[in-house]
Amino acid sequence: MSYSVGQVSAFAGVTVRTLHHYDKTGLLSPSGRSQAGYRLYSEADLVRLQQILFYRELGFSLDEIAAIFKDPQANALEYLRSRQKQLSEEIARLQRLAEVAQRAIEVQRTGVSLTPRERFEVFGEITFDLSYATEAELKWADSAGQRESMARAAAHTKEDWRRLMGEATAWRAELLAAFDDGEPSDGERAMDLAEEHRLHISRWFTSCPPDMHRRIADDFVADPRAFALVVPPSQQRPGLAAYLCKAVHANAARHTGGRADSGENR
């Protein structure tokens, strides 16, 4: 039994143009022609089309499918194994994106509820990068400290945020003054400022032992988005993030005798 291009298009769910393209490239040439010169597809042609659509659904290119058809026994297993690996990696990537999207929703929901004007009044130049907040949520998702931090942040009132940001502003002015005065990062003044920052986190968000504070400070150097939550770009100086990081490490060593803190991992 033979089928016209229109019939094949209808029950295979592909366009006539696609079938013409497959014919032109030699991927699927119909076995026959009608007296009027129209393409006619046999049962065997439909089996081949089904195989093409199967491989297309798996994401193979037409060139890859053509290579498989040249020697199915030699090529199909190799291509399928390769594609299986790619699909597994893609599934993992999409799963991570789904988690990121969910965390982004949670981060948005737990954010302080303020109008744009109130946000500016409270936070000033400090802005919260959603991509960084979401990555932090994923990174520390299983941490009791992160869960506590998010819960306490969600519970803060507008007045809490005013007090919190007021403390942060005053502390930041002292940090900039120490840096501009050339105070050593491992000196008493810098270490005391690092300790104030650690206590600020504990007071407003979650318990912050020295080892956890070290990791937070490492982020200041590794990710500009993290440091921008502490010092807005307009007030930053070259080397300031590294200066604060060193001060935090020096302060942590002061508290732990140079040993890693055994407190809760963030």
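Residues numbered from 1 in each chain as written. Predicted model: local features only at pLDDT ≥ 70, side-chain atom pairs only at ≥ 80, totals over all residues. Heavy atoms only, no water.

## So, the overall build of the protein
Moving on, step 1. Scanning the protein from N- to C-terminus turns up 13 helices and three strands.
Moving on, step 2. The burial tally for the protein puts 38% of its 266 residues in the buried class.
Moving on, step 3. For the protein, the proportion of contacts with a sequence separation of at least 24, taken over those separated by at least 6, is 65%. (Helix = DSSP H or I, 4+ residues; strand = E, 2+ residues; numbered from the N terminus. Buried < 20%, exposed > 50% of the residue type's maximum accessible area, 1.4 Å probe, protein only. Contact = heavy atoms within 4.5 Å.)

## Quick notes on the packing of helix H3 (residues 43-57) against helix H4 (residues 62-70)
Moving on, step 1. The N-to-C vectors of H3 and H4 enclose an angle of 130°; their axes lie 10 Å apart at closest approach. In terms of their interaxial angle, H3 and H4 are classed as oblique. By crossing handedness, the relation of H3 to H4 is classed as right-handed. Facing H3, whose interface residues are Arg48, Gln51, Ile52, Tyr55 and Arg56, H4 presents Leu62, Ile65, Ile68 and Phe69.
Moving on, step 2. Residues that form the contact of H3 with H4 fall into these classes: six nonpolar, one polar and two charged. (Axes fitted to C-alpha atoms, helices over the stretch in contact; angles between N-to-C directions. Parallel < 35°, antiparallel > 145°, perpendicular 65-115°, else oblique. Left-handed = near helix turned anticlockwise from the far one by under 90°. Nonpolar A, V, L, I, M, F, W, Y, C, P; charged D, E, K, R; others polar.)

## Structural notes on the packing of aromatic side chains
Moving on, step 1. Tallying each qualifying case throughout the model produces eight aromatic pairs.
Moving on, step 2. Here the aromatic cluster, defined as three or more aromatic residues joined through ring pairs, consists of Phe54, Tyr55, Phe60, Phe69 and Tyr79. (Phe/Tyr/Trp six-rings, centres within 6.5 Å; stacked < 30°, edge-to-face > 60°.)

## Topic: the nonpolar core
Moving on, step 1. If you look at the biggest cluster of nonpolar residues, it comprises 24 residues, and the most contacted ones within it are Leu175, Phe220, Phe227, Leu240 and Leu244.
Moving on, step 2. Every element with two or more residues in this core is listed here: helix H9 (158-180), helix H10 (188-204), helix H11 (210-222), helix H12 (224-228) and helix H13 (240-256).
Moving on, step 3. Element by element, the count of residues in this core is highest for H13, at seven residues.
Moving on, step 4. Beyond its immediate stretch of four places on either side in the chain, phenylalanine 220 contacts His197, Ala226, Phe227, Val230, Ala241 and Leu244.
Moving on, step 5. If you look at the next biggest cluster of nonpolar residues, it comprises 18 residues, including Val14, Leu46, Ile65 and Ala76. (Core = buried A, V, L, I, M, F, W, Y, C linked by side-chain atoms within 4.5 Å.)

## A closer look at the confidence of the model for the protein
Moving on, step 1. Confidence along the protein averages 82 in pLDDT terms, with 78% of residues attaining 70 or more.
Moving on, step 2. pLDDT under 50 marks residues 259-266. Its contacts with residues more than four places away, or in other chains, come to 24 contacts. (pLDDT = per-residue confidence, 0-100.)

## A few points about helix H1 (residues 5-12)
Moving on, step 1. When we look at burial in H1, the residues that qualify are Val5, Val8 and Ser9. Down the axis of H1, the smallest arc covering the buried residues is 100°, so these residues share one side.
Moving on, step 2. The inward-facing, buried residues of H1 abut strand S1 (3-4), helix H2 (16-25), strand S3 (39-41) and H3. (Arc of directions from axis to C-beta.)

## Points about H2
Moving on, step 1. Every buried residue belonging to H2 is among Leu19, Tyr22 and Asp23, and all of these are buried. All buried residues of H2 project into a common sector of 100° when viewed along the axis, lining one side. When the buried face of H2 is taken as reference, the exposed residues oriented beyond 90 degrees from it are Arg17 and Lys24.
Moving on, step 2. Where the residues of H2 are buried, they touch H1, strand S2 (32-33), S3, H3 and H4.
Moving on, step 3. At the exit of H2 stands glycine 26, carrying a positive phi of roughly 85°.

## Focus on the pattern of salt bridges
Moving on, step 1. With the rule as written, the count across this model stands at 12 salt bridges.
Moving on, step 2. Taking the shortest distance from any N to any O, the salt bridge between aspartate 181 and arginine 189 comes out at 3.1 Å.
Moving on, step 3. Since its relative accessible area comes to 53%, aspartate 181 is described here as exposed.
Moving on, step 4. By relative accessible area, arginine 189 is classed as partly exposed at 28%.
Moving on, step 5. The closest approach of N and O atoms between aspartate 223 and arginine 225, which form a salt bridge, is 2.7 Å. (Salt bridge = Lys/Arg side-chain N within 4 Å of Asp/Glu carboxyl O.)

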